[in-house]
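What follows is the residue order along each chain.
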Amino acid sequence: MAKTKIDQILEGECVEVMKSLPDESVDLVFADPPYNLQLGGDLHRPDNSKVSAVDNDWDQIGGFDEYDLFTWNWMEEARRVLKPNGAIWVIGSYHNIFRVGGILQDAGFWVLNDIIWRKSNPMPNFKGTRFTNAHETLIWAAKTKDARPTFNYAAMKALNDGVQMRSDWTLPICTGGERLKDEDGKKAHPTQKPESLLHRVLLSTTNPGDVVLDPFFGTGTTGAAAKRLGRHYIGIERDTAYLDVARKRLAAITRGASDTLDVTQSKRAQPRIPFGALVERGMLKPGDTLYCPKGRNTARVRADGTLIAGTSAGSIHQVGAQLQSAPSCNGWTYWHIRTKQGLAPIDVMRAEIRATLEN
């Protein structure tokens with residue numbers, strides 16, 4: 001079987017090139033397919049200057065049936081090359097995202113989220129005949145219903161100042177120095193995505209060393225974000241002008257240092273440590289006393305990693321809940337040990353064991 005060609009831009013039509021990639025060889029697909037915009041003639045600003053619209057040949061697929069077939073073809077290949085726990089992101093506008101979403105589900109993908117990219121600086125609606133198009137939609141889907149794709153929940157919470165990351169992202173469109181230009185000073189690509197958008201996508205749903213495939217590579221924003229974050233990329237692009245821009249862009253980027261690429265891990269992603277492990281390792285002994293945060297309730301440790309408190313016996317969670325007459329209890333944070341500095345939660349002992357497993 002062919003070897004996966006990582007950190008390369010492959011020239012050609014997306015479906016034909018994807019057929020050359022091995023089965024189950026990539027961790028994530030990010031697809032920014034043609035939107036197949038249905039344009040209604042030239043658009044002018046109030047000063048009568050013409051607005052540069054997306055009228056490139058690559059965006060014009062044909063009627064709805066032709067576009068659906070095009071979507072089916074690339075999506076089936078994308079699903080084939082994804083690993084069992086892989087996932088896909090697809091971005092689009094109202095012109096295409098609803099058709100793409102339906103085909104995504106019909107093809108066997110399992111939708112996890114739809115994300116609204118709210119543009120903080122959208123282009124105005126010059127005609128004044130519709131609402132200003134101020135957002136695009138991203139769909140995040142797993143390869144199958146039973147897949148367990150990467151989701152760095154804690155990292156997203158940290159990125160958002162300790163608050164859960166929502167499904168509406170306010171980010172600016174690509175402007176200023178980030179906007180790539182050709183030799184004539186014109187936009188190198190009419191729909192260049194901001195790197196901030198791809199940074200969030202890759203940080204949330206991949207890990208360092210993962211392989212990300214972008215079958216509509218354009219000027220390489222996905223590759224740029226992947227390289228900075230220590231991910232590998234495979235780009236597919238048929239337009240030679242975009243290829244040249246992307247290759248120059250990526251050559252100028254330095255891959256991120258390994259010690260800066262690890263992200264905050266959620267507790268679910270950490271190795272499970274049973275309370276009994278603390279007893280087995282001698283960190284706690286049978287008969288030791290544990291205390292609630294205020295020291296009012298106590299329990300004694302038993303040899304099998306359970307607790308006893310009066311007539312209550314069971315796990316650290318069960319006994320904690322019974323003593324509080326509560327439906328549930330997180331025993332790791334409820335129960336404490338006495339130290340020279342005062343009471344400390346037993347969770348610090350669990351953290352010590354996890355540290356030994358990671359080294």
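Residues numbered from 1 in each chain as written. Predicted model: local features only at pLDDT ≥ 70, side-chain atom pairs only at ≥ 80, totals over all residues. Heavy atoms only, no water.

Moving on to the nonpolar core. Trp89, Leu138, Leu197 and Leu202 are the most contacted members of the largest nonpolar core, which has 33 residues in total. With five residues, helix α5 (residues 195-205) is the single largest residue contributor to this core. In this structure, Leu202 is in contact with Leu28, Val212, Thr222, Ala225, Ala226, Leu229 and Arg231, ignoring residues within four places of it in sequence. With 31 residues, the next largest nonpolar core counts Cys14, Met18, Ala31 and Trp74 among its residues. (Core = buried A, V, L, I, M, F, W, Y, C linked by side-chain atoms within 4.5 Å. Buried < 20%, exposed > 50% of the residue type's maximum accessible area, 1.4 Å probe, protein only. Helix = DSSP H or I, 4+ residues; strand = E, 2+ residues; numbered from the N terminus. Contact = heavy atoms within 4.5 Å.)

With that settled, consider the pairing of strand β4 (residues 110-119). Of the pairings in the sheet, the one linking β4 to strand β5 (residues 135-142) comprises eight bridges and is antiparallel in character. Along β5, the bridge assignment pairs Arg118 with His135. Here four bridges tie β4 to strand β6 (residues 168-171), and the two strands are oriented parallel to one another. For Trp117, the partnering residue across the bridge sits in β6 and is Trp169. (Pairing = 2+ DSSP bridges.)

In total, this model carries 13 salt bridges according to the counting rule given. For Lys83, the salt bridge goes to Asp27, with nearest N and O atoms at 3.2 Å. Highlighted residues: Lys83 in strand β3 (residues 82-92) and Asp27 in strand β2 (residues 26-31), separated in sequence by 56 residues. In this structure, Glu195 engages Arg249 in a salt bridge whose closest nitrogen and oxygen atoms are separated by 3.7 Å. Taken together, the residues span a long stretch of sequence, with Glu195 in helix α5 and Arg249 in helix α7 (residues 240-251) at a distance of 54 residues. Using a relative accessible area of 12% as the deciding quantity, one classes Arg249 as buried. A single salt-bridge network, built from bridges that share partners, covers Asp23, Glu77 and Arg80. (Salt bridge = Lys/Arg side-chain N within 4 Å of Asp/Glu carboxyl O.)

Of all 11 residues making up α5, nine are buried, and the element is well covered by its neighbours. When α5 is considered as a whole, its buried residues turn out to be Glu195, Leu197, Leu198, Arg200, Val201, Leu202, Leu203, Ser204 and Thr205.

Let us now look at the sheet that holds strand β7 (residues 211-214). Strand order in the open sheet formed by eight strands is β1-β8-β7-β2-β3-β5-β4-β6, with mixed pairing between adjacent strands. Edge positions in the open sheet fall to β1 (8-11) and β6, since each of these has one partner strand only. Neighbouring strand axes in the sheet, compared pairwise and without regard to direction, differ in orientation by 20° on average. Across the sheet, α5 lies against β2, β3, β4, β5, β6 and β7, angled at about 140° from β6, the strand it touches most. Strands β1 and β8 (232-237) of the sheet are contacted by α7, whose axis makes an angle of about 170° with β1. (Axes fitted to C-alpha atoms, helices over the stretch in contact; angles between N-to-C directions.)

Detailed reading of predicted coordinates is not advised where the pLDDT is low. Here the protein chain averages 88 in pLDDT, and 90% of its residues register 70 or above. For residues 40-46, every residue scores under 50 in pLDDT, and the model assigns this stretch 16 contacts once sequence neighbours within four places are set aside. (pLDDT = per-residue confidence, 0-100.)

Where helix α2 (residues 64-81) meets helix α3 (residues 97-106), the closest approach of the two axes is 10 Å, and the angle between their N-to-C directions is 45°. Relative to α3, the element α2 lies oblique. For the pair α2 and α3, the sense of crossing is right-handed. For the pair formed by α2 and α3, the contact residues are Phe64, Tyr67, Asp68, Thr71, Trp72 and Met75 on the first element and Arg99, Val100, Ile103, Leu104 and Asp106 on the second. (Parallel < 35°, antiparallel > 145°, perpendicular 65-115°, else oblique. Left-handed = near helix turned anticlockwise from the far one by under 90°.)

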